[in-house]
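Architecture at a glance
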Amino acid sequence: MQNLGIDVLFKGTNFVRLLSGLWVAVRISLISVIISIVLGLVVGALMTSKNRILKVIFRIYLEIVRIMPQMVLLFIVYFGTTRVFGWNLEAEVSAILVFSFWGIAEMGDLVRGALISIPKIQYESAMALGMDGKQIYYHVILPQTIRRLIPLSINLITRMIKTTSLVMMIGIVEVLKVAQQIIEANRRSSPNAAFGIFAVVFLLYFLICWPISKLSVYLEKRWS
Amino acid sequence: MENSLLSIKNLHKEFDRNTILKGINLKLNKGEVIVIIGPSGCGKSTLLRCLNGLEDIQGGEIYLGGKLLQKNAKDISSMRQKIGMVFQSYDLFPHKTVLENILLAPVKVQKRKRAEVEAEAMELLERVGLADRKNDYPRQLSGGQKQRIAIVRALIMHPEVLLLDEITAALDPEMVHEVLQVVLDLAKSGSTMLIVTHEMAFAKAIADRVLFFEHGEIVEESHAPKAFFERPQTERARQFLKSFEY
Amino acid sequence: MNLDVMISYLPLYRDALFLTMRVGWKGVAIAVLIGLIGSAIIHFEIPIARYIVSAYTQLFRNTPLLVQLFFIYFALPKIGICVSPEVCGTWGLGLLGGAYMTETFRSGLDNIPKIQFESAESLGMSRSQMFRYVILPQAVASSIPGLVANVIFLLKETSVFSTISLMDLMFTAKDLIGMYAKTIECLVLLVIFYLIMLLPVSVLGDLLERRLRHAEFGD
């Protein structure tokens, strides 16, 4: 095992450093998911609007998110906007902006789908009881959609966590970057460390994402 | 004995430790129409599925034309070609048109010439009154139409025996008639059939022999269907038939 | 924004686009192949193989492509398995996609009613005939929306190839920015070229889906 670099992992604080790198990735995803869920509920409701202009805007928004790689968006926000507007944007803030931009679109579309699948009679009977638009959404429609959305948003968390591996490209030191640093530092003493360290990173991601996606599948089955 | 086309000897079928068929013995002769009636869950449909090798059996033998039928045997495909089956739920292939549904098996499985099979298919479609729907997809047809096509699809294989498993059970009442009419025509032209049904008037009209099934066994067998429906010999059959009178 | 600069970059971007497309579509093809085989193994509950396939799909669906690529490209050489960036990208994408495609096709297969298998059997079809004429066309049709989503996802994922020095669109943009600091021009070109690569797929996919949904087999 020694020549595959597992020993490097337990040298000094290496393992703790890897874990704290992982925490950076998880932290960015969690913050982005929370923003996505909250704003996604609003955006999803707006998406059901019959307003032409709104429809076109959302259509373009969804299409951008659908076909632009997150990496491109990260570059545009981190390198592009700072150039154009001359402001100073921290890498982590850029990452959260991009992931939220992506997550809001996904959540919004899910919310929209859930909303339009609610039978018309639910709206009509709420109206017959004299509720106004906001009351109907808040008391009748929202509770019904949330249950359907929970498994899907949990699923979004794992996808976010996986995508955060990209943030090393804009200079954030997360788990993959830490791994590279460790390998680099031990290049002489343990030339094969790349195998052990990257295998561990592989496993760490799996150990975080796998239970979460299991949970999402379980909830989806149970609540469908 | 010589002219019995299908013979079933002491057939046993179990599922999850429940016995579904308890030693069925039956001989079906060429040109004969046997109707099986009985309460739901009595094993009628399972029997038909066993005869087509769709179910594992735990005991007994099935012979078709003197040859042993086994679910996992190499010759099961050629055996199945001799047994036509129509199911209760619509089993047409949704991605193929009416004509493609009918032609698929004779052309691909039996390797017959397409032109020849197509001519025959059109004749059969004419007979069931659906020649003009040949290019439609199953979705565009009513339930009754779908079942008539399913019958044509089975017939075009030139089966020696036709198994009909409650083919009208999923239909709206007004569509039952058009399907049963097709089956009555087949009986008149001498087809050999084993029919499971809940349509009592139909059973009475078409059967050469009636079997009353309950709890996985043949409770009563009658070669005189009319007499059976009027005066069943067993108490259990009497109780069952009574439930159809209002 | 300097148009002349952008025009002078065009050949570089064009080459990168070809490379990205080549690797991307090869990866998609591998993914579809793995998906077809994998889903059949799981659906028909082939002993032992089904556990290997489901372990594989779980592993690759729950880790980022970037980490998979790093493992293939930097770690595997340490145990004697050396591959070029292009091979690494192709197979990395193929393996990741294979895991997603397996799931998609499996649910397509699961959606086919049992009666379809039985009526094919009762017509005397062999297993391969049943699969070819009855099951596969239906499974593919019901998997189309998932398939389109997967294809777009995989083609997007090609952007991480730059990390293993494959000279794809992302790499080219990064490289040029580093060299000449024409950030805006490079990023605009990057967006345009990704649009060229992905917009047609997205639009065609939409059309295909709509056709299948509304005109589903003659409705």
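Not measured: the values here are computed from a predicted model.

Some details on the overall build of chain A
- Looking only at helices and strands, one finds nine helices and zero strands in chain A.
- In sequence order, the secondary structure elements of chain A are arranged as α-α-α-α-α-α-α-α-α.
- For chain A, the spread of C-alpha atoms along the principal axes amounts to about 75 × 45 × 25 Å.
- Looking at the 224 residues of chain A, the share that counts as buried comes to 47%.
- In chain A, once contacts between residues fewer than 6 apart in sequence are set aside, the share between residues at least 24 apart is 78%.
- Summed over all atoms, the accessible surface of chain A reaches about 11600 Å², with 66% contributed by carbon and sulfur.

Digging into the packing of helix H2 (residues 49-61) of chain C against helix H4 (residues 85-110) of chain C
Residues and elements named next belong to chain C.
- Relative to each other, H2 and H4 sit at 115°, their axes nearing to 9 Å. Between H2 and H4 the crossing geometry is left-handed. Between H2 and H4, the residues in contact are Val53, Tyr56, Thr57, Phe60 and Arg61 and Gly94, Leu95, Leu96, Gly98, Ala99, Tyr100, Thr102 and Glu103, respectively.
- Here the residues of the contact of H2 with H4 sort into seven nonpolar, four polar and two charged.

Let's talk about the arrangement of the chains
- For the two pairs of chains in contact, the maximum contact count is reached by chains A and C.
- Separated without contact, chain A and chain B have their nearest C-alpha atoms at a distance of 23 Å.

What about the confidence of the model for chain C?
- The share of residues in chain C with pLDDT of 70 or more is 97%, and the mean pLDDT across the chain is 89.
- Per the prediction output, this complex has pTM 0.77; the corresponding ipTM is 0.85.

With respect to the packing of aromatic side chains
- In this structure the tally under the stated criterion is 21 aromatic pairs over all chains.
- Ring plane angle 50° and centroid distance 5.1 Å describe the contact between tyrosine 100 of chain C and phenylalanine 153 of chain C, whose orientation is recorded as tilted. Here the residue tyrosine 100 of chain C occupies a position in helix H4, and phenylalanine 153 of chain C occupies one in helix H6 (residues 127-157), the gap between them amounting to 53 residues.
- Taking the relative accessible area as the measure of exposure, tyrosine 100 of chain C reaches 14% and is therefore buried.
- Joined through ring pairs, the aromatic side chains of Phe195 and Phe202 of chain A together with Tyr56, Phe60 and Phe71 of chain C make up one cluster.
- The ring of phenylalanine 44 of chain C carries the charged tip of arginine 127 of chain C above its face, separated from the ring centre by 5.0 Å.

With respect to the pattern of salt bridges
- Going through the model one piece at a time under the given rule, you end up with 31 salt bridges over all chains.
- Arginine 66 of chain A serves as the salt-bridge partner of aspartate 206 of chain C, at 3.4 Å between the closest nitrogen and oxygen. Residue aspartate 206 of chain C is located in helix H8 (residues 183-214), and its partner arginine 66 of chain A is located in helix H3 (residues 52-67); the two belong to separate chains.
- The buried category is assigned to aspartate 206 of chain C, whose relative accessible area is 18%.
- Arginine 66 of chain A sits in the partly exposed class, given a relative accessible area of 26%.
- Taking the shortest distance from any N to any O, the salt bridge between lysine 44 of chain B and glutamate 166 of chain B comes out at 4.0 Å. Of the two residues, lysine 44 of chain B sits in helix H1 (residues 44-51) while glutamate 166 of chain B sits in the loop between strand E7 (161-165) and helix H6 (173-188), which places them 122 residues apart along the sequence.
- One continuous salt-bridge network, built from bridges that share partners, spans Lys13, Arg49 and Glu55 of chain B together with Lys114 and Glu118 of chain C.

Description of the nonpolar core
- Among the nonpolar cores identified, the biggest contains 108 residues, and Leu18 and Phe198 of chain A together with Tyr13, Leu190 and Tyr194 of chain C are the most heavily contacted of them.
- Residue contributions to this core peak at eleven residues, all from helix H9 (residues 193-223) of chain A.
- Apart from the residues lying within four places of it in its own chain, the contact partners of tyrosine 13 of chain C are Leu169, Thr172, Ala173, Leu176, Cys186, Leu189, Leu190 and Phe193 of chain C.
- Counting residues in hydrophobic clusters, the runner-up holds 50 residues, among them Val152, Val183, Ala203 and Phe228 of chain B.

Re a nonpolar patch on the surface
- A surface patch of nonpolar side chains, about 400 Å² in accessible area, is lined by Ile31, Ile34, Ile35, Val38 and Leu39 of chain A.
- Within the secondary structure layout, valine 38 of chain A lies in helix H2 (residues 14-47).

Reading the values: the criteria
All residue numbers here refer to positions counted from 1 along the written sequence of the relevant chain. Just so you know, chain letters begin at A and ligand numbers begin at 1, following the order they were written in. Thresholds applied to this predicted model are a pLDDT of at least 70 for local features of residues and 80 or more for the giving and counting of side-chain atom pairs; totals over whole chains, interfaces and linings are not thresholded and use all residues. Excluded from the side-chain calculation are hydrogens and water; included are all heavy atoms of the structure. For the purposes of this entry, the term helix denotes a DSSP run of H or I that reaches at least four residues, the term strand denotes a run of E that reaches at least two, and both are numbered from the N terminus. Accessibility here uses a 1.4 Å probe with only protein chains present; expressed as a share of the type maximum, an area under 20% marks a residue as buried, one over 50% as exposed, and anything in between as partly exposed. We call two residues in contact when some of their heavy atoms are within 4.5 Å. In short, Shrake-Rupley with a 1.4 Å probe defines the accessible areas, and a residue's cover is counted only from the protein chains shown. For helices, the fitted axis covers only the stretch in contact; all axes are lines through C-alpha atoms, and the angles between them, taken along N-to-C directions, range from 0 to 180 degrees. Left-handed is the label given to a crossing in which the near helix is rotated counterclockwise from the far helix by less than a right angle, and right-handed is the label when the rotation is clockwise. Under this grouping Gly is polar, as are all residues other than the nonpolar Ala, Val, Leu, Ile, Met, Phe, Trp, Tyr, Cys and Pro and the charged Asp, Glu, Lys and Arg. Confidence of the predictor at the level of single residues is given by pLDDT, which spans 0 to 100. Note on aromatic contacts: the rings of Phe and Tyr and the six-membered ring of Trp form a pair at centre separations within 6.5 Å, being stacked when their planes are under 30 degrees apart, edge-to-face when over 60 apart, and tilted otherwise. Each ring is checked for a lysine NZ or an arginine CZ that lies within 6 Å of its centre and within 35 degrees of its normal; such an atom marks a charge sitting over the ring. Basic side-chain nitrogens of Lys or Arg form a salt bridge, by our definition, when they fall within 4 Å of a carboxyl oxygen of Asp or Glu. We define a nonpolar core as any set of buried Ala, Val, Leu, Ile, Met, Phe, Trp, Tyr and Cys residues linked to one another through side-chain atoms lying within 4.5 Å. Any residue with relative accessible area above 30% and no salt bridge may belong to a patch, with like charges joined within 9 Å and the nonpolar Val, Leu, Ile, Met, Phe, Trp and Tyr side chains within 5 Å.

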